[in-house]
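Overview (structure and organization)
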Amino acid sequence: MSIKLRLTIMSFFQFFVWGAWLITIANYWFGTKQWDGTQFGAVFATMGIASLFMPTLLGVIADRWVNAEKLYSLMHLLYGATLFYLPEVTDPQTFFYVMLLAMCFYMPTLALSNSISYTALTNGQYDLVKAFPPIRVWGTVGFIAAMWLVNLTGNKATAYQFYIAGAASFGLGLFALSLPKCPPRNINRQSQSLIQTLGLEAFRLFNNYKMALFFVFSMFLGGALQLTNAYGDVFLDEFKFYPKYIDSIVIQRSTIIMSISQISETLFILAIPFFLKRFGIKKVMLLSMLAWVLRFGLFAYGDPTTGLWMIILSCIVYGMAFDFFNISGSLFVETSTNSHIRSSAQGLFMMMTNGFGAVLGSLLSGWVIDEYFTIAFPNIASLAGYLQTDVDNGSLRHLIQERGISIFRDGSFSSDILLKDWHHIWLAFAGYTLVIAILFALFFKHKHDRVTN
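Since we're looking at a predicted model, the values are computed, not measured. (Residues numbered from 1 in each chain as written. Predicted model: local features only at pLDDT ≥ 70, side-chain atom pairs only at ≥ 80, totals over all residues. Heavy atoms only, no water.)

Examining the layout of surface pockets
Just so we agree on the cut-off: Only protein atoms enter the 1 Å grid, on which a cavity is a set of points fitting a 1.4 Å probe that cannot get out and a pocket is an open set with protein on both sides within 12 Å along at least 5 of 7 lines, lining residues being those with an atom within 4 Å of a point. Grid points are joined across faces, edges and corners, and a volume is the space filled by probe spheres set on the points. By definition, any uninterrupted DSSP run of H or I lasting at least four residues is a helix, any uninterrupted run of E lasting at least two residues is a strand, and each is numbered from the N terminus. Residue type decides the class: Asp, Glu, Lys and Arg count as charged, Ala, Val, Leu, Ile, Met, Phe, Trp, Tyr, Cys and Pro as nonpolar, and the leftover types, Gly among them, as polar.
Roughly 750 Å³ of internal volume is contained in the largest pocket. Taken together, the elements giving at least two residues each to the lining of the largest pocket come down to helix H2 (25-33), helix H11 (227-237), helix H17 (394-402) and strand E2 (412-420). In this model, the second largest pocket occupies a volume close to 360 Å³. In terms of lining residues, the second largest pocket is bounded by 20 residues, among which Phe239, Tyr242, Tyr386, Trp422 and His423 are the most central. Residue assignment for the lining of the second largest pocket shows that the elements contributing at least two residues are helix H13 (254-301), E2 and helix H18 (422-443). Of the residues contributing to the lining of the second largest pocket, the split by class is 12 nonpolar, 3 polar and 5 charged.

Here is the structure:
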C-alpha cells in the first residue's frame, strides 16, 4: 500500500470518529437528555481544555521519545474505549468529566496526524503544499460520511452515535501501526539547555513577533471555530418549534443540510495551494475571517423556506472559513519551523486554536446565550405570537406537552418555556469575527513572495 493511500485512510477515519457525534451531540444533549445550555457550553469546552496541554505534551513526547505513529495508535484505542462508556453516564457533570477524558485522548491526534503526514511526505520528497491538501480532503469526506450515517440511521439524538465513533476509532488505532515510521527527531541530548531537555523549544516561537501575533489571532479565531459545530445542527432542528416550518426538509434532515459545510470543505482544501502560493498566509487568513462573518450573518437571516438559500450559502462559505484558517495555518507553522520541533510546533498551534480559543468560545458563548439570548415565555399567548401561530395550534400544544409543562386556565405556564434567540446569537458571532478580521488586517505584517507557476 502506497504512502499516500495509507495517509488518506488515516485522514478519512481521523475525522470520521469525530464527525459521528460532534454535530449531533447537541440533539442528544438538549433533546434526549434535556440538559441546559451553560452545561453544554462546558462540555464543548472539553475540546479546548484538552487542547491546552495534550497536543503540546504529546508533541514533545513524539519529538523526543516515542514514534508518532505508535503514540497516535494508543490515543485512538483509548479514545474509542472512552466513547463506549459515555452513553452509560446519566448526569451532566459526570458527562463533562468523561468527555474531557475522551478529548484528552482525541485532540492530540489532530496534531499528530498532521505531523505523521508531513514527516512521511517530506521523507518521500513530496511538495507539502501540493501533496497534503488532497490527502487531508479525505478527512472531510470521512466527517461527511459519519454525519450522513448517523442521520440516515436515525441516531443523531441517540447513544449509538458514540458507539459508531468508538468502533471506528478502535479500527483506526490498529491501522495506525501500519503507517510510515516516524521516529523522534530531537534526540541529541548533548549540550542542551533546560528548555531543550524538557522539550519546550517550540514555545520560543513566541519570541518571534510575527509568529506570536499569528498564534494570538489564531486563538481568537479559534473561539469561533466550534460555534457552528456546537450550535449549527440544533439551530436548524429548532425551526420545528415554528408550526409553519414543521414539515421542512431542513428539520427532517438537519444534519445532512449541515454536511454541505463539509462538502464545501473538500473544494476549498484543494484550492489552498493556489491561494497560499499566490496570495500568502495573511490574505488567506483574512479571507477565512471574512468568510466566518458571512457564515454567521447568513445563518442570522436564513429560514427553511424563503431564506433556505441563505442557509445553504452559509454552509458553502464554511468551507473557506474553516480550511483557509485551519489547514493553511498548519502549513504556515510547518514551513516556519524546523523538523526538530515539528510535532511540538503543531501541538502549540493546536493549543492556541482548539485549546485557549475553543475554551474561550465555548464557555463564553454558552454563558452569553443563556444570559442574553434566551427568551422566557410565561404564557401560551406570548409563545404563540413569537412562533407566528395561534394558541390552539396542535404543533404548539405538542411542543408544550413534550416539555412537561402545564397550561393554566388563564393561559399561563406552570414554568416558563425557554427558546434561544438564534437571529441575534448569529449576529453577535458575526460581529465578533468582523472585529478580529479588522484587527488582523491592521496588525499582522507578512511579506509574501508571490509564486506564479
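Overview of the packing of aromatic side chains
Applied cut-off: Any pair of Phe, Tyr and Trp rings, taking the six-membered ring for Trp, is counted once the centres come within 6.5 Å. Such a pair is stacked with planes under 30 degrees apart, edge-to-face with planes over 60 apart, and tilted for the rest. Relative accessible area decides the class of each residue, using a 1.4 Å probe on protein chains only: under 20% of the type maximum gives buried, over 50% gives exposed, and in between gives partly exposed. Each ring is checked for a lysine NZ or an arginine CZ that lies within 6 Å of its centre and within 35 degrees of its normal; such an atom marks a charge sitting over the ring.
Enumeration according to the criterion identifies 48 aromatic pairs in this entry. When the ring of tyrosine 160 is compared with that of tyrosine 163, the centres are 5.7 Å apart and the planes differ by 70 degrees; the resulting orientation is edge-to-face. With tyrosine 160 and tyrosine 163 both in helix H8 (residues 160-175) and 3 residues apart, the pair spans about one turn of that helix. A residue is classified by how much of its surface remains accessible, and tyrosine 160, at 51% relative accessible area, is exposed. For tyrosine 163, a relative accessible area of 25% gives the class partly exposed. Cation over ring: arginine 136 sits above phenylalanine 15, and NZ or CZ is 4.1 Å from the ring centre.

Brief notes about H18
Rules: By definition here, a helix of n residues has an expected span of 1.5 Å times n minus one. Think of the arc as the fan of directions from the helix axis to the C-beta atoms.
The first and last C-alpha atoms of H18 sit 32 Å apart over 22 residues, in line with the 32 Å expected at 1.5 Å per residue. The complete set of buried residues in H18 reads Trp422, Ile425, Trp426, Phe429, Ala430, Thr433, Ile436, Ala437 and Phe440. All buried residues of H18 lie within an arc of 130 degrees about the axis, which places them on one face of the element.

Let's talk about H8
Selection criterion: Contacts between residues were defined by any pair of non-hydrogen atoms, one from each residue, lying within 4.5 Å.
Counted at 1.5 Å a residue, the expected span for H8 with its 16 residues is 22 Å, and the 23 Å between its end C-alpha atoms agrees. Tucked inside the fold, the buried residues of H8 contact helix H1 (3-19), H2, helix H5 (68-85), helix H6 (92-123) and helix H7 (128-152).

A short note on a nonpolar patch on the surface
Put simply, the rule reads: Note on patches: the residues involved have over 30% relative accessible area and no salt bridge, like charges join within 9 Å, and the nonpolar side chains Val, Leu, Ile, Met, Phe, Trp and Tyr join within 5 Å. Using a 1.4 Å probe, the Shrake-Rupley method yields the accessible areas, and only the shown protein chains count as cover for residues. Put simply, a salt bridge is a Lys or Arg side-chain nitrogen that is within 4 Å of an Asp or Glu carboxyl oxygen.
Side chains of Tyr209, Leu290, Leu434, Val435, Ile438, Leu439, Leu442 and Phe443 sit close together on the surface and give an oily, nonpolar patch of about 760 Å² of accessible area. Here the element with the most residues in the nonpolar patch is H18; it accounts for 6 residues. Among the structural elements, valine 435 can be located in helix H18. A residue is classified by how much of its surface remains accessible, and valine 435, at 47% relative accessible area, is partly exposed.

Looking at the side chain of glutamate 238
Within the secondary structure, glutamate 238 sits in the loop between H11 and helix H12 (249-252). With sequence-adjacent residues up to four places away left out, glutamate 238 is seen in contact with Lys420 and Trp422.

Some points on the nonpolar core
Let me state the cut-off plainly: Take the buried Ala, Val, Leu, Ile, Met, Phe, Trp, Tyr and Cys residues and link them wherever side-chain atoms come within 4.5 Å; each set so joined is a nonpolar core.
In terms of nonpolar packing, the biggest core is built from 152 residues, with Trp18, Trp21, Phe95, Met103 and Leu383 touching the most fellow members. For this core, the leading source of residues is H13, giving 19 residues.

Re the packing of H13 against H18
As a reminder of what qualifies: Geometry is summarised by axes, namely lines fitted to C-alpha atoms with helices restricted to the contacting stretch, and by angles between N-to-C directions that run from 0 to 180 degrees. Note on angle classes: values under 35 degrees are labelled roughly parallel, values over 145 roughly antiparallel, values of 65 to 115 roughly perpendicular, and the remainder oblique. Each crossing gets its handedness from the near helix: less than a right angle anticlockwise from the far helix is left-handed, clockwise is right-handed.
Relative orientation of the contacting elements H13 and H18 amounts to 165 degrees, with a least axis distance of 7 Å. The angle between H13 and H18 falls in the class roughly antiparallel. Crossing of H13 over H18 shows left-handed handedness. Within the contact between the two elements, H13 uses Lys282, Met285, Leu286, Met289, Leu290, Trp292, Val293, Phe296, Gly297, Phe299, Ala300 and Tyr301 and H18 uses His423, Trp426, Leu427, Phe429, Ala430, Thr433, Leu434, Ile436, Ala437, Phe440 and Ala441. For the contact of H13 with H18, the per-class residue count stands at 19 nonpolar, 3 polar and 1 charged.

Thoughts on the pattern of salt bridges
The full count for this structure, using the stated rule, is 5 salt bridges. The salt bridge partner of aspartate 127 is lysine 277, with a shortest N-O separation of 3.3 Å. With aspartate 127 in the loop between H6 and H7 and lysine 277 in helix H13, this residue pair connects regions lying 150 residues apart in the sequence. For aspartate 127, a relative accessible area of 36% corresponds to the partly exposed category. A salt bridge links lysine 240 to aspartate 237; its shortest N-O distance comes to 3.0 Å. Among the charged side chains, a network of salt bridges with common partners joins Lys156, Asp237 and Lys240.

What to know about the confidence of the model for the chain
What counts here: Confidence of the predictor at the level of single residues is captured by pLDDT, which takes values from 0 to 100.
Confidence along the chain averages 85 in pLDDT terms, with 92% of residues attaining 70 or more. Per-element averaging of pLDDT across the chain places helix H9 (residues 194-197) at the bottom with 48 and H8 at the top with 96.

Observations regarding empty space enclosed by the protein
Over the atoms, a rolling probe the size of a water molecule traces out where space has been left empty. In total, this model carries 4 cavities of 30 Å³ or more according to the counting rule given. For the largest cavity, the calculated volume is near 200 Å³. Elements represented by at least two residues in the lining of the largest cavity include exactly H1, H6, H7, helix H14 (308-335) and helix H15 (342-372). Residues of the lining of the largest cavity, tallied by class, amount to 9 nonpolar, 7 polar and 1 charged.

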